[in-house]
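The primary structure of each chain is shown beneath.
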Amino acid sequence: MDVFEAIGKRRSIKNFDPSHIIPKQQIDKILSAAILSPTSYNIQNWRFVTIANKDLQAKIRQASWNQAQVTDASVVVILCADLLAWKKDPARYWKNAPQAARDYLIPAIIKSYEGQDQFQ
Ligand SMILES: Cc1cc2nc3c(=O)[nH]c(=O)nc-3n(C[C@H](O)[C@H](O)[C@H](O)COP(=O)(O)O)c2cc1C
């Protein structure tokens, strides 16, 4: 599909067939594509929690303005952020980069995030 066609045809889907079950391989494929998205300094500080449990989904629905799609959907994905990921061995995010890039980027990561709660 052409990229402009894909953008033009995208819609937020709000009605789900409650009897449909998405196979785990499809969820993995979708999330594998999602994590190709860019992140600041390539920190990839997203953490995905996938929930395919109707009891848990009912509790999440209560906290989501009682929206039916939360329980109708086969899987709910909660996107969390690890706000301190930048601190956790930041060199690993650039381990395959040339040394000159690593020498610049790793101190830059620390300088950008340290004490910068909003940026985190
Ligand atoms: C940050 C954000 C939060 C949203 N939250 C909800 C939501 O709680 N429930 C819902 O049904 N749609 C939600 N939407 C979807 C919007 O209603 C939808 O994007 C908008 O109506 C435009 O429709 P479209 O995405 O189909 O173009 C949200 C969208 C964004 C960007």
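Everything numeric here is computed off the predicted structure, so don't read it as measured data.

Colleague: Would you mind going over the overall build of the protein chain with me for this structure?
Modeller: Helix and strand counts for the protein chain stand at 5 helices and 2 strands. Each helix (α) and strand (β) of the protein chain, taken in turn from the N terminus, gives the series α-α-β-α-α-β-α. Its C-alpha atoms put the protein chain at 55 × 35 × 25 Å along the principal axes. Scored against the burial criterion, the 120 residues of the protein chain give a buried share of 23%. A separation threshold of at least 6 residues defines the contact pool for the protein chain, and within that pool the share at least 24 residues apart is 54%. Carbon and sulfur atoms make up 58% of the accessible area of the protein chain, which totals about 9,200 Å². If the 16 positive side-chain charges of the protein chain are averaged to one point and the 11 negative ones to another, these points end up 1 Å apart.

Colleague: Can you walk me through the pattern of salt bridges in this structure?
Modeller: If the charged atoms of two oppositely charged side chains come close together, the side chains can form a pair. Overall, the coordinates contain 4 salt bridges when judged by the stated rule. The salt bridge involving Glu 5 is made with Lys 9; its shortest N-O contact spans 2.8 Å. Separated by 4 residues within a single helix, Glu 5 and Lys 9 lie in helix H1 (residues 3-9), roughly one turn from each other. A residue is classified by how much of its surface remains accessible, and Glu 5, at 35% relative accessible area, is partly exposed. Judged by its relative accessible area of 54%, Lys 9 falls in the exposed class. Across the pair Asp 82 and Lys 88 runs a salt bridge whose closest N-O atoms are separated by 2.7 Å.

Rules of the game
- Residues numbered from 1 in each chain as written.
- Predicted model: local features only at pLDDT ≥ 70, side-chain atom pairs only at ≥ 80, totals over all residues.
- Heavy atoms only, no water.
- Helix = DSSP H or I, 4+ residues; strand = E, 2+ residues; numbered from the N terminus.
- Buried < 20%, exposed > 50% of the residue type's maximum accessible area, 1.4 Å probe, protein only.
- Contact = heavy atoms within 4.5 Å.
- Areas by Shrake-Rupley, 256 points an atom, 1.4 Å probe, with all protein chains shown as cover.
- Lys, Arg positive; Asp, Glu negative; His and termini not counted.
- Charge placed at Lys NZ, Arg CZ, Asp CG, Glu CD.
- Salt bridge = Lys/Arg side-chain N within 4 Å of Asp/Glu carboxyl O.

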